[in-house]
Every structure is written in structure tokens, then in C-alpha cells.
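Structural features, examined
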Amino acid sequence: MIVKTEEDFNGLKEIGKICGAIRDELVQCTKPGITTKELDEIAAKMFEKAGAQSAPKGEYDFPGITCISVNEEVAHGIPGGRTIHEGDLVNIDVSGSKNGYFADTGISFVVGKGEEILQKICDVAKEAFDAGLEKVKPGSKTSALGKAVQNVAKKHGLTVIKNLTGHGVGRAIHEAPDHIFNYFSRWDDEILEEGMVIAFEPFISTLEEEVFLSEVDGWTYLTDESFVAQYEHTIIVTKEGPIITTV
């Protein structure tokens, strides 16, 4: 989507604020003993109160309101009876729509006290996002964002997930550009335009560079022997600097 009117800005900011608030509330409520289904029910009530809709549920008939992934689950985890424990690595991914505008945001975090490496990948995911954010300006190539993410991961002795990417967003949950890689590719030469709306989401991994789809549920992306952390916001590209709608 290319933002062209004040109505566009206001609509994107409204749904961004809603998704960000739901994300933050679910993070605060993620304590040992709670189930991922109970967290998802909180999100459902918040979406309803805000007059907004879950994007994965509405667009893809996803079996949940939000995506909640735990430990070996990297993305698109289905909320259910899984109980959260101290030290778990949890990812909360919230995307929604209101009045035809969409936003997408996510964060990985450690519940209570956990292994040092888990907190490290969460911190590095945020650092990688910040490094890529500096490249978000009209005229930049999307490959510049990927290069920034990959450089941060390499600096910390970590790697990136290559088959999960950022994407365009705005009037639909997935739009052009179709992908924003988390690594440098000379063929990834999409040019960022004034007013373009993107979901930028670095995935930082302890070892593996690809995830695979669960054969059990057909939704969840998994790893065999790695932990992965994600950090995601919806961003409007402007010449005055990037505007994050999902804070």
C-alpha cells in the first residue's frame, strides 16, 4: 500500500495502535501456568472492544485470533492447551484490521528467568530491527534492510531465518513487496517508496537458517534444534523518517 491521504495515515495508525496494545497486554499476561488459549481469549475480547478483527482469522481462517509460538515453535503457533512455563521462549504475533486498514506486529520474549542464550536472541532481534529501521527511507532497496539484519546476527555469532520474511501490508495483511529478506541478496532490489507500508520482522536463530511446516497442524513453523526470536512492527516509509504504527 502507498499512503496518499490523511485518512490513510489515521486508519493505519488506529489499527496499529490496537494491535500494539493487544501485543503488549498478552506479553504482560504471559505468566507460568497460563495456557496459550487463555491468552488468545484475552486478544479476542480486546479486538471486539476495539471494533477490529483478527487478520489471520478473518483472512485465512486461522484456528486462533493471534499466533502464539513457544520454544521450538517459531511462527504461526496455534493457541490451545499448551501451558506456559518459567523459562519458555514465547512469541506473540498480532495482526488485525479495522475499516479496511491492516497492521502486523510481533515480539519474542523469555518468561521469567530462562537460559541466557534465549534472552540474547531476543535482544539481538531488537538490535537487528533497529539497524534495519535506519535503512527505511524512500529510495532504499529492501536488500539494505536484510543486509543490516544479517550483519547484526553475524556480529553476535548468530544467524537468520531465511525462509520467513517481512512483507508489504496496509489494505491487506500481505501485499507488495512480497518479501523483505533477513539477509542480503543482490537480487532483492525492491525500492522503498514514499508512503509505502511494510511489516519488517527480523528472525534471529541460534543455528538453523530455515524453518519447516508442521505436518501435524499444517500451520506452525518449527525448528529441529534451534531457538528463534522475532521482532516486528508495521512501518510507513516517509522522507521525514519511518513511522511505526504498532508502538
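That block above? That's the structure.
Let me sum up the structure you'll find in this document.

About the cut-offs
- Residues numbered from 1 in each chain as written.
- Predicted model: local features only at pLDDT ≥ 70, side-chain atom pairs only at ≥ 80, totals over all residues.
- Heavy atoms only, no water.
- Helix = DSSP H or I, 4+ residues; strand = E, 2+ residues; numbered from the N terminus.
- Buried < 20%, exposed > 50% of the residue type's maximum accessible area, 1.4 Å probe, protein only.
- Polar contact = N/O pair within 3.5 Å; in protein donor to acceptor, adjacent residues only side chain to side chain.
- Pairing = 2+ DSSP bridges.
- Contact = heavy atoms within 4.5 Å.
- Salt bridge = Lys/Arg side-chain N within 4 Å of Asp/Glu carboxyl O.
- Disulfide = S-S within 2.5 Å.
- Phe/Tyr/Trp six-rings, centres within 6.5 Å; stacked < 30°, edge-to-face > 60°.

Right, let's talk about the environment of Gln119 for a bit. Mapped onto the secondary structure, Gln119 falls in helix 4 (residues 116-133). Taking relative accessible area as the criterion, Gln119 reaches 37% and is therefore assigned partly exposed. Put simply, Gln119 and His76 are 43 residues apart on the chain and 21 Å apart in space, counted from C-alpha to C-alpha. Looking at Gln119, its side chain comes within polar contact range of the side chain of Asp123, at 2.9 Å.

Turning our attention to the sheet that holds strand 11 (residues 212-213). The 3 strands lie next to each other as 3-12-11, forming an open sheet whose pairing is antiparallel. Lying at the two open borders of the sheet, with one neighbouring strand each, are strand 3 (73-75) and strand 11. Where strand 11 meets strand 12 (residues 221-222), 2 bridges bridge the pair, whose relative direction is antiparallel. Across the sheet, residue Leu213 finds its bridge partner in strand 12, namely Tyr221.

In this structure, Ala52 sits in the loop between helix 2 (36-50) and strand 1 (53-54). Residue Ala52 is classed as buried on the basis of its relative accessible area of 8%. Residues Ala52 and Thr36, spaced 16 residues apart in sequence, show a C-alpha to C-alpha distance of 21 Å. Residues within four places of Ala52 in sequence aside, it is in contact with Ile15, Ile18, Phe47, Ser97 and Lys98.

Applying the stated criterion across every chain, the model contains 8 salt bridges. Measuring nitrogen to oxygen at the nearest pair gives 3.1 Å for the salt bridge that ties Glu72 to Arg82. Of this pair, Glu72 sits in the loop between strand 2 (67-70) and strand 3 while Arg82 is found in the loop between strand 3 and strand 4 (89-98), placing the two residues 10 residues apart along the sequence. Judged by its relative accessible area of 29%, Arg82 is partly exposed. Glu127 serves as the salt-bridge partner of Lys155, at 2.6 Å between the closest nitrogen and oxygen. Residue Lys155 is located in helix 5 (residues 142-155), and its partner Glu127 is located in helix 4; the two are separated by 28 residues in the primary sequence. Taken together, the salt bridges that share partners define one network made up of Glu72, Glu73 and Arg82.

Once that is clear, we can look at the state of the cysteines. Counted according to the given criterion, the structure contains 0 disulfides. Here Cys29 stays free of any disulfide, with the sulfur of Cys19 as its closest cysteine sulfur at 16 Å. The class of Cys29 is partly exposed, set by a relative accessible area of 21%. Cys67 carries a free sulfur, and the closest cysteine sulfur to it, the one in Cys19, is 12 Å from it.

Right, let's talk about the packing of aromatic side chains for a bit. Summed over the entire model, instances satisfying the criterion amount to 4 aromatic pairs. Residues Phe181 and Tyr183 carry aromatic rings whose centres are separated by 4.9 Å and whose planes lie at 25° to one another, so their mutual orientation is stacked. Neither residue differs from the other here; Phe181 and Tyr183 are each classed as buried. Through a chain of ring-to-ring contacts, the aromatic side chains of Phe129, Phe200 and Tyr231 assemble into a single cluster.

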